[in-house]
Amino acid sequence: MTFRLAMLIVGDAVLAVTALYAAVVIRLGNSEATQILPEFKTTYTTCVFILVVLFSAHLMEVYEYARNTKKREVLINILFGTVTSFFLLSVVFYIDPEAVLGRGILVLSLFIFALMQFSWHSLYLIGNNHPRFSQRVLVLGTGDLAAQMGEIISSNKSNFVLAGYTACGIDETHDNRSSVAVPLDSIVGDSKDLLTTAIQARADMIVVALSERRGYFPLSAVLMCKLNNIQILDAPTVYERVQGKMMLESITPSWFIFSDGFHRSTFFKFCKRTVDIVLSVTGLLLTSPFFPIIALAIKLDSKGPVFFRQLRVGISEKQFMLYKFRSMRQDAEQHSGAVWAEKNDPRVTNLGRFLRNTRIDEIPQLINVLKGDMSFVGPRPERPEFVEKLKQIIPYYSKRHFIHPGLTGWAQVRYPYGASVEDAIEKLRYDLYYIKNIRPFLDTLIFFETIKVVLFGRGVR
């Protein structure tokens, strides 16, 4: 969650309130609106209106500016979001008539909101694409790591512009081209005169991307840039900010120690646990009437128990029993042992494929959340057999067990289902990012992203 994305969402929330109240005044007139607006009912309706329009905008990918690079794309997504808002609000008002927006106010408020939202997002798009509002980045280094950082900065639709590269050390000079991994014409200076190079390149930020710092790091030159109000960041930090995941290849134990994040206050843990209890109880109450129907369908579809139980690794690597509706044959691993699920897995039953596509098979995990084995949001729990194997292969893999595993997580909404060591490495990048940046706003974003994943059936095996 970047500051710019948060600014967009907060701006939309303010516009939603403005649109709703403007519609009330236009439709009813000042005198009648003055009597209605202070009521508690109106406050409740306003909150419902804001949540629905923001969720609809998120569902229709209005905030995905890596994809929305033109005003036409923004307009189309906003129109889809407005239509979605109308149908969702109609359902809400049918369920709860106390929140209803009558007398044409609903249609008028959504129309006004769509106009203001498009204007606001178009203004943001113009500013985001204008070089004057972009941060110019100078990469310190010309090796493979520097080339990777330059590619990420250049290809990403964030507010960064690559200003060039600066050579550093005897292994990264024009005289030794074999060690230079970046285009020679993009090298704008040498680290011996880093401040002058940064000023000439109009750099706002210097990214230290040296494959080997010992003996080559220009400490005095970098310090001079820092004192002259130029931001200094290392490659893993920039990678984290731009990509939303960790650069496992370039982080060290000292980076974990001295970097920001990885902090969970007692109050935050209490609030997170409270939310887990409320959501799990609510979910079980809403879904429990359907349990007999699901159980009967599973029994009729294939032989075996209704519920599937399996050992998983939780917080502090403590094992617990995870519950799911059975979606595989009873003897799925009788001969093969523990193996990852694969695409179009032949072990999955006909009904099981439907249960997995709709995520219905995971509903019993709400019991695990209620018991405290899991949280609603966190890294997905893995099987002990896989954990022991991955700990030996992947550095820092055990760090994902410092918090409770979750029903859903940052890796689940950002990366498809993983069924290999390579997938486990990629998912660990996202899990560590979540653990480092854990906060209520990120949990809320993951919650809404999960709804989108479930509705569109992404990442299922």
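Our subject is the structure that appears above.
Residues numbered from 1 in each chain as written. Predicted model: local features only at pLDDT ≥ 70, side-chain atom pairs only at ≥ 80, totals over all residues. Heavy atoms only, no water.

Okay, the overall build of the chain next. Of the regular secondary structure elements, the chain holds 18 helices and nine strands. Within the chain, residue pairs in contact and separated by at least 24 positions form 73% of the contacts whose partners lie at least 6 positions apart. Surface accessibility of the chain: about 24000 Å² in total, with carbon and sulfur atoms responsible for 62%. (Helix = DSSP H or I, 4+ residues; strand = E, 2+ residues; numbered from the N terminus. Contact = heavy atoms within 4.5 Å. Areas by Shrake-Rupley, 256 points an atom, 1.4 Å probe, with all protein chains shown as cover.)

Turning next to the packing of helix α6 (residues 144-155) against helix α9 (residues 235-243). Contact geometry for α6 and α9: axes closest at 11 Å, N-to-C directions at 25 degrees. Taken as axis vectors, α6 and α9 run roughly parallel relative to one another. Crossing geometry of α6 relative to α9 is assigned as left-handed. Across the interface between the two elements, Leu145, Gln148, Met149 and Ile152 from α6 touch Ala235, Val238, Tyr239, Val242 and Gln243 from α9. Its residues assigned to classes, the contact of α6 with α9 shows seven nonpolar, two polar and no charged. (Axes fitted to C-alpha atoms, helices over the stretch in contact; angles between N-to-C directions. Parallel < 35°, antiparallel > 145°, perpendicular 65-115°, else oblique. Left-handed = near helix turned anticlockwise from the far one by under 90°. Nonpolar A, V, L, I, M, F, W, Y, C, P; charged D, E, K, R; others polar.)

The subject of this paragraph is the sheet that holds strand β5 (residues 231-234). As summarised here, the arrangement of the five strands in space is β3-β2-β1-β4-β5, forming an open sheet in which the pairing is parallel. Strands at the two margins of the open sheet, each flanked by one partner only, are β3 (187-190) and β5. With strand direction ignored, the average angle separating the axes of adjacent strands in the sheet is 30 degrees. Strand direction decides the pairing type here: strand β4 (residues 205-208) and β5, joined by four bridges, are parallel. Across the sheet, Val207 pairs through a bridge with Leu233, a residue of β5. The strands touched by α6 within the sheet are β1 (135-140), β2 (160-167) and β4, with β2 carrying the most contacts at an inclination of about 165 degrees. (Pairing = 2+ DSSP bridges.)

It is worth spelling out empty space enclosed by the protein at this point. Under the defined criterion, the tally for this structure stands at three cavities of 30 Å³ or more. Computed from the structure, the largest cavity encloses a volume of approximately 50 Å³. Lining of the largest cavity is provided by Val53, Ser56, Ala57, Val62, Asn77, Ile78, Gly81, Thr82, Ser85, Leu110, Phe113 and Gln117. Elements supplying a minimum of two residues to the lining of the largest cavity: α3 (40-59), α4 (71-95) and α5 (105-129). Here the lining of the largest cavity takes five residues from α4, the largest share from any one element. Looking at the lining of the largest cavity residue by residue, the class counts come to six nonpolar, six polar and no charged. (1 Å grid on protein atoms, 1.4 Å probe; cavity = no way out; pocket = protein on both sides within 12 Å on 5 of 7 lines; lining within 4 Å. Points joined across faces, edges and corners; volume = space filled by probe spheres on them.)

This part takes up the packing of aromatic side chains. Two aromatic rings are characterised by how far apart their centres lie and by the angle between their planes. By the definition in use, this model includes eleven aromatic pairs. Ring centres of Phe86 and Phe87 lie 5.6 Å apart, and the angle between their planes is 75 degrees; this geometry places the pair in the edge-to-face category. The exposure class assigned to Phe87 is exposed, which follows from its relative accessible area of 53%. Measuring from ring centre to ring centre gives 6.4 Å for Tyr415 and Tyr430, while their planes differ by 35 degrees; the resulting arrangement is tilted. (Phe/Tyr/Trp six-rings, centres within 6.5 Å; stacked < 30°, edge-to-face > 60°. Buried < 20%, exposed > 50% of the residue type's maximum accessible area, 1.4 Å probe, protein only.)

In the contact formed by helix α12 (residues 291-301) and helix α13 (residues 350-357), the axes pass within 8 Å of each other and the chain directions differ by 145 degrees. On α13, the residues that touch Ile294, Ala297, Ile298 and Asp301 of α12 are Asn350, Leu351, Gly352 and Leu355. Considered class by class, the residues forming the contact of α12 with α13 number five nonpolar, two polar and one charged.

Don't take any of this as a statement about function, it's just geometry.
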